[in-house]
Amino acid sequence: MSADPSGPATFHRVPVSCIDELSDGLGEPETIRLLLAGEYSRRMVLLRYLLKACSARPRAFGELPSVDAVWRDLAAVERASASTLAEVLMYPPVGVWLAGAVRHVLGERTADPPWTTFGYLHAVILAAAARAHVALRTSIPVHDGVAILPTLGAARFAGHCGWAVADAVTTLGHTVLRLGDATVVVPVDPTGDTADWWGLRQVTATSEGRTLRVWLDDIDPYRNVADPVPPARLDPGVVEAWTEAIHGAWRQLCGQWPEYADSMSAGMRSITPLPVDPERDAAHSASSGDAFGAALISQPAHSTALAVALVHEFQHIKLGGLLHLAALHDETDVSDQLYAPWRDDPRPLSGLFQGVYAFMGIAEFWCRRAAATSAHHHVIAEFEFAYARRQTGEALRTLASSPRLTALGRRFVDGLRAWRRRLRSVEVSADAERAAWTAAADHRAVWRLRNLRPEQGWVAAAADAWRFGGPPPSTGRDLLDPVSADQLWRYVRELLHRTRIIAPARFARWVAEPDDLTRRIRDASAADVALVDGRPAEAVIGYVNEIARSPGNFAAWAGLGVSLAAAGRPRWLLLRRPHAVHAVYRRLAETEKPPDPVRLADWLASADIAIVH
Amino acid sequence: MVGDLDYRPEFPVDRRRIVDRPRERKPNVDHSAEDVRTNLVDLTETSFEDLRGYDDAIFEPSLIRFLRQVERPRANVGSGQPDRID
């Protein structure tokens, strides 16, 4: 199939036009295939590294066939059908498994013996052989009675716990697995279920001549972003709901953003349903840089939520693929601690880069949805568009100012900025813009309260000056000092903004009965409702009272700053350096009745404090 | 780190629909550079027999990068709160 390995090698090349397409949010199917080709080569390099490492470990595969047998079987299946083998090797969980197996070689410890990890490769080869109708006799790992055949399904042996090895034979597509006295025959149509077989389900959605074909993966142990997980078979009713949502999301994407649908059709391979998290109020999703084409998504409330999640994750997938081919920033330094408008914690440059790309996609999705809808749906889309656009603006400026971008990275970021300029020229209603500004400024203020603190010497000097009637000191440096990760913050006001727009009747009830809100939503307050309802002066009074009762309430400090701005009485220090005002206030509160926080902010601002951070 | 905090409730911009707008040409694109060479060997047409026979050195530049990526796996996932994920 290939030239003599001693001959000159060919290296992947990325056309500039592809980079520009990707930074413009899209990516022609040909560009996505280029990323897929890079992913394939990456997996081959890592697989070769893994097998060479295993060959130096006599018991790497335990009772399973040896490394030499693996090379031989791979070659045999490839000779019969290289495309089938490639399809199985490109199954997203194979990428997650491969990365984990390589980490194991590099020294990562796991509770289970190494062959249980490495042996997934035997299952990959068996699945490819079965699909390619290649005769093969091998053995594969079984965990808690479940033997996975990647891209096909799972054989189930009742009554088995822990790890075991099943013998497997496949001939002309007829595959049988044996464990002890038990036998499982893989159905001729492996997508269906039998008493001892779960087929890997696939959903195919077609709209306007475009097709999305994805596995609905609830069984593969490597379908998660990190450690292996047990199967979580979906009930038929849930599968039906997912299928309906996928069809609906695909119709929306094809109708509103057809070029993007073309791109996604070429690159999206699987959806892993995530369990609903009772701590979360909305749909959540995830993806892994090692699993090109896979999105993990919680069951969506409606097809629009799924469409947004698919765009979000596909943005990550595309950028992850490009980053495997070429560096866009210095990858060796992860010391940056940057503000990302969608996160509570400081993020490294790589995380901010990913987030910006994802949220640019989200912004454009909502922009197009706003243009394609009317009435209630239009109002929702306008807010979401305005909010995501505002978030990406600040994050893009941070990204563009980084000295750690490579030349290619700078070109990519310039492309993102051009994309955002287009989005910026789209008008939205004043109400949507106002709500978006409020939500974004609010988040940033709380982030600063949670993650920054002024130097203690400056705090002491400011407190002394206040007590003795002197002028405020010039500012010192802000230090990064994130609160502990377990101090979760529920961004209640973001939820309220969305509720006001999405469910106005419910919001009106909360306006009429704030007690009903505080009973239902932890950490919510009457001041929050007043702010979101467009009564900022009332909110100011509420937040001042909340601060007096609980000076460490970050949300109240941020709410005060946002409310004052919304009321036309902005105290910028409460938005730019709320952590400084908060720190001085608390220092004063240790020894005396604390001052009015607005007066304190005015006094501190009179020093014309420069923004240092 | 400081973004625009201007409170601008009204934005006097033209109403334009993005779906109707042509993509603008990138101002910084060097059109003389047609493609970027990577350090990853193209193995899409390489058989497993040949893959095994290659000299290690040819994979080294990309392998070093990949191992670094694998050791710090990239997961795009939230940290416990809704809608705020990378």
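What you see is a predicted model; the values in this text were computed from it and never measured.

Draft legend 1. The sheet that holds strand β13 (residues 294–298) of chain A, seen in detail. Spatial strand order, β9(A)-β10(A)-β11(A)-β13(A)-β12(A)-β2(B): six strands in an open sheet with mixed pairing. At either margin of the open sheet sits one strand with a lone partner, and together these are β9 (201–207) of chain A together with β2 (75–76) of chain B. When β9(A) meets strand β10 (residues 210–216) of chain A, the two strands line up antiparallel, connected through seven bridges. For A:Ser207, the partnering residue across the bridge sits in β10(A) and is A:Arg210.

Draft legend 2. Quick look at the environment of A:Ala182. All names here are of chain A. Mapped onto the elements, Ala 182 comes out in strand β7 (residues 182–185). A residue is classified by how many C-beta atoms lie within 10 Å of it, and Ala 182, with 16 of them, is partly exposed. Spatially, the C-alpha atoms of Ala 182 and Met 90 are 31 Å apart, while their sequence positions differ by 92 residues.

Draft legend 3. Up close: the confidence of the model for chain B. All names here are of chain B. The share of residues in chain B with pLDDT of 70 or more is 51%, and the mean pLDDT across the chain is 66. For chain B, per-element mean pLDDT is lowest for β2, which scores 76, and highest for helix α1 (residues 48–53), which scores 95. Scored below 50 in pLDDT, residues 1–31 shows 48 contacts in the model against residues more than four places distant or in partner chains. With pLDDT under 50 throughout, residues 79–85 is counted as low confidence; its partners more than four residues away or in other chains account for 23 contacts.

Draft legend 4. Fine view of the domain arrangement of chain A. All names here are of chain A. According to the domain assignment, chain A consists of domain 1 (23–186), domain 2 (326–425) and domain 3 (435–605). The centre of domain 2, based on its C-alpha atoms, is set 26 Å off from the matching centre of domain 3. Grouping the amino acids of the side of domain 2 that touches domain 3 by side-chain chemistry returns eight nonpolar, two polar and three charged.

Draft legend 5. Main features of the pairing of strand β3 (residues 146–149) of chain A. Residue and element names in this part refer to chain A. In this structure, β3 lies alongside strand β4 (residues 153–156), joined through four bridges in antiparallel fashion. Looking at β4, one finds that Leu 149 is bridged to Gly 153. The antiparallel pairing of β3 with β4 creates a hairpin that spans three residues between the two strands, and Thr 151 there sits at a positive phi of about 75°.

Draft legend 6. View of the environment of A:Arg42. Take A:Arg42: it is sitting in helix α2 (residues 29–55). Look at A:Arg42 and you get buried, because 26 C-beta atoms sit within 10 Å. When the C-alpha positions of A:Arg42 and A:His324 are compared, they lie 7.6 Å apart, and in sequence the two are 282 residues distant. Apart from residues no more than four positions distant in its own chain, A:Arg42 is found in contact with A:His324, B:Leu40 and B:Phe66.

Draft legend 7. View of the pairing of strand β2 (residues 136–143) of chain A. Residues and elements named next belong to chain A. When you tally the buried positions in β2, you get six out of eight residues, the bulk of the element. Pairing analysis gives eight bridges linking β2 to strand β5 (residues 163–171), with the strands arranged antiparallel. Across the sheet, the residue bridging to Thr 138 is Ala 168, located in β5.

Draft legend 8. Spotlight on the packing of helix α12 (residues 375–400) of chain A against helix α13 (residues 407–424) of chain A. Residues and elements named next belong to chain A. Running from amino to carboxyl end, α12 crosses α13 at an angle of 155°, the nearest separation of the two axes being 11 Å. The orientation of α12 with respect to α13, classified from their angle, is roughly antiparallel. For the element pair α12 and α13, the recorded crossing hand is left-handed. On α13, the residues that touch Arg 389, Thr 392, Gly 393, Leu 396, Leu 399 and Ala 400 of α12 are Val 413, Leu 416, Arg 417, Arg 420, Leu 423 and Arg 424. Among the residues forming the contact of α12 with α13, the class breakdown is six nonpolar, two polar and four charged.

Draft legend 9. Unusual backbone geometry, seen in detail. Residue and element names in this part refer to chain A. Phi at Leu 172 is positive, roughly 50°, even though this residue is not glycine. Position of Leu 172 relative to the elements: it lies in the loop between β5 and β6 (174–179). By C-beta crowding, Leu 172 is classed as exposed, having 9 other C-beta atoms within 10 Å. A positive phi angle is found at Ala 375, which is not glycine, with a value near 55°.

The rules behind the values
Residues numbered from 1 in each chain as written. Chains lettered and ligands numbered in written order. Predicted model: local features only at pLDDT ≥ 70, side-chain atom pairs only at ≥ 80, totals over all residues. Pairing = 2+ DSSP bridges. Helix = DSSP H or I, 4+ residues; strand = E, 2+ residues; numbered from the N terminus. Buried ≥ 20, exposed ≤ 12 C-beta atoms within 10 Å, placed from the backbone. pLDDT = per-residue confidence, 0-100. Contact = placed C-beta atoms within 7 Å. Domains from an automatic or database assignment. Nonpolar A, V, L, I, M, F, W, Y, C, P; charged D, E, K, R; others polar. Axes fitted to C-alpha atoms, helices over the stretch in contact; angles between N-to-C directions. Parallel < 35°, antiparallel > 145°, perpendicular 65-115°, else oblique. Left-handed = near helix turned anticlockwise from the far one by under 90°.

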